[in-house]
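What follows is each chain in one-letter form.
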Amino acid sequence: VNKSIDMDNERGPVGIGGIPSYPGIQGGPDTTPPVITLNGLSNVTIECGDVYTELGAIAIDKGVNSIPVIITGDTVDTSTLGTYTIIYTATDPAKNASVSTRTVTVVDTTAPVVTLNGSSTVNINISGAYTELDATANDHCDGPLPVTIGGDTVDTFTYNTYTILYTATDSS
């Protein structure tokens, strides 16, 4: 059996129409892009202020060869609410490319923490003085917040139990 292979020094064996071909590989030139598999979920929701860890991705070409994955797109800022897109690209030696994405959504579902200045229960003698000690509020995304004081008005001349309400609202 005689076999003849035309060689092109830059591209290797040359098949029909000048497209590279490789003896023993069925199907002609490589037109199949690599398959990208994300490590972790493709849609991630993270609480504002938490740490986001990029898990990366792997790419396999024709089921056997590992191909480098280039990561581009948005930088996830967990201190800023919003949606971020991370792009993963892999290109095999035949210049077939694949793209995959991960969407990271930064949310704020945690209410601010209100901290009373002083005790939550105050006992006052009839006709004594009541001094409001206020409260502070902090949100893990918005930081310090103003506190609104509401509820009952304390009348130190009337024996009763009064409820004072302290409220803080974050931007979300």
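Scroll up for the structure.
Keep in mind the model is a prediction, meaning the values are calculated, not measured. Along each chain, numbering runs from 1 in the same order as the chain's sequence is written. Per-residue local features are limited, in this predicted model, to residues with pLDDT of at least 70; the limit for side-chain atom pairs, both in listing and counting, is 80 or more; totals at the level of whole chains, interfaces and linings are taken over all residues. Where side-chain values are given, they derive from all heavy atoms of the structure, hydrogens and water being excluded.

Q: Please explain the overall build of the protein as it appears in this structure.
A: Under the scheme used here, helices are H or I runs from DSSP no shorter than 4 residues and strands are E runs no shorter than 2 residues, and both carry numbers assigned from the N terminus. When you go through the protein residue by residue, the secondary structure sums to zero helices and 14 strands. Seen in sequence order, the protein has helices and strands lined up from the N terminus as β-β-β-β-β-β-β-β-β-β-β-β-β-β. Any residue under 20% of the maximum accessible area for its type is buried, any over 50% is exposed, and the rest in between are partly exposed; the area is computed with a 1.4 Å probe on protein chains only. Here the protein, with 172 residues, has 22% of them falling under the buried criterion. Taking all contacts inside the protein whose residues are at least 6 apart in sequence as the whole, residues at least 24 apart take part in 49%. Contact criterion: two residues are considered in contact whenever any of their non-hydrogen atoms come within 4.5 Å of each other.

Q: How should I be thinking about the state of the cysteines in this particular structure?
A: Cysteine pairs can be covalently joined through their sulfur atoms, and such a bond is termed a disulfide. Two cysteine sulfur atoms form a disulfide, by the criterion used here, when they sit within 2.5 Å. Scanning all chains against the criterion turns up one disulfide. Here Cys 48 pairs with Cys 141 through a disulfide, and the sulfurs are 2.1 Å apart. Across the S-S bond linking Cys 48 and Cys 141, the dihedral sits near 75 degrees, which makes this disulfide right-handed. Of this pair, Cys 48 sits in the loop between strand E4 (43-47) and strand E5 (57-61) while Cys 141 is found in the loop between strand E11 (135-139) and strand E12 (143-145), placing the two residues 93 residues apart along the sequence. Given the relative accessible area of 1%, Cys 48 is considered buried.

Q: Sorry if this is basic, but what is going on with the nonpolar core here?
A: Among soluble globular proteins, nonpolar side chains are generally buried collectively. Counting 16 residues, the largest nonpolar core has Ile 36, Tyr 52, Val 76, Ile 86, Tyr 88, Val 104 and Val 106 as its most contacted members. Elements represented by at least two residues in this core include exactly strand E3 (35-38), E5, strand E8 (82-91) and strand E9 (97-107). Per element, the largest residue contribution to this core is four residues, and it comes from E8. Residue types Ala, Val, Leu, Ile, Met, Phe, Trp, Tyr and Cys, when buried and joined through side-chain atoms within 4.5 Å, form a set referred to as a nonpolar core.

Q: I'm lost on unusual backbone geometry in this one. Help?
A: For residues other than glycine, phi is negative in most cases, and the peptide bonds are mostly trans. A positive phi angle is found at Lys 95, which is not glycine, with a value near 70 degrees. The class of Lys 95 is exposed, set by a relative accessible area of 68%. At Asp 134, a position not held by glycine, the phi torsion is positive, near 65 degrees. Within the fold, Asp 134 resides in the loop between strand E10 (113-116) and E11.

Q: Quick question: what am I supposed to make of the side chain of Asp 61 here?
A: When you line up the elements, Asp 61 lands in strand E5. One buried charge, Asp 61, has no salt-bridge partner; the nearest side chain with opposite charge is Lys 62, at 6.6 Å. When near neighbours in sequence (up to four residues on either side) are disregarded, Asp 61 contacts Asp 30, Thr 32, Pro 33, Pro 34, Ile 67, Asp 92 and Pro 93. Just so you know, the count uses Lys and Arg for positive and Asp and Glu for negative, and it drops His and the chain ends. The term salt bridge refers to a pairing of a side-chain nitrogen on Lys or Arg with a carboxyl oxygen on Asp or Glu at a separation within 4 Å.

Q: Hey, could you run me through the environment of Pro 93 in this one?
A: Relative to the helices and strands, Pro 93 resides in the loop between E8 and E9. Pro 93 gets classed as exposed once you look at its relative accessible area, which sits at 70%. Taking the C-alpha atoms as reference points, Pro 93 and Pro 33, 60 residues apart in sequence, are found 9.8 Å from one another.

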